[in-house]
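# Examination of the molecular architecture
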Amino acid sequence: MRCPYCGSLETQVKDSRPTEDASSIRRRRVCPDCGGRFTTFERVQLRELMVLKKSGRRVPFDREKLMRSIEIALRKRSVDPERVERMVNGLVRQLESQGEPEVTSDRIGELVMEGLRLLDGVAYVRFASVYRNFGEARDFRAIVNELAGEAAEAEKRLPDTSASGGA
Ligand SMILES: [Zn+2]
């Protein structure tokens, strides 16, 4: 496995264990050349999927490519990689079990947005802004307002602790 930081091929596995839902094996790796640490997951692939792009082209579904675009959206956000892995696993399983050998790139984008929305609001907005290519500023504002509304709702559901410490 090539080191994502320096490109060395000498990386070593430090630790290997199944994920919580036992659907994949998580391996922690370290690169002896640059000291970089990263995690890989090994999993079952049920079948080949083709993606129908907007251009009309068909390309094989590429999980790694999908993962990279999700990681870009999650950059510098503290989200457990295992939660991300589970989200992507669920997404791929949905695609694989839909009964069609082909899926549109739009459908994948919608599923990623649904998933990211639950994981991290900032990553969701980042992904959505690239994916939807916000032609108009109001689209962007609509999403931000939507998220702000959800955050306010979530706050209302928390037990009120502010009253207890006051004078
Ligand atoms: Zn390295």
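What counts and what doesn't
- Residues numbered from 1 in each chain as written.
- Predicted model: local features only at pLDDT ≥ 70, side-chain atom pairs only at ≥ 80, totals over all residues.
- Helix = DSSP H or I, 4+ residues; strand = E, 2+ residues; numbered from the N terminus.
- Buried ≥ 20, exposed ≤ 12 C-beta atoms within 10 Å, placed from the backbone.
- Pairing = 2+ DSSP bridges.

Here we take up the environment of Arg 75. Here Arg 75 is to be found in the loop between α1 (63-73) and α2 (81-96). Using a count of 9 C-beta atoms within 10 Å as the deciding quantity, one classes Arg 75 as exposed. Residues Arg 75 and Arg 126 lie 51 residues apart in sequence; the distance between their C-alpha atoms is 9.8 Å.

The next subject is the pairing of strand β2 (residues 24-30). The sheet contact formed by strand β1 (residues 12-18) and β2 spans six bridges and is antiparallel. Bridging from a neighbouring strand, Arg 17 pairs with Arg 26 of β2. What sits between the antiparallel neighbours β1 and β2 is a turn of five residues, in which Ala 22 has the positive phi angle 60°. One ladder, built from seven bridges, connects β2 with strand β3 (residues 37-43); its direction is antiparallel. Residue pairing for β3: Arg 29 is matched across the bridge by Phe 38. Between the end of β2 and the start of β3, which pair antiparallel, lie six residues, with Gly 35 showing a positive phi angle near 80°.

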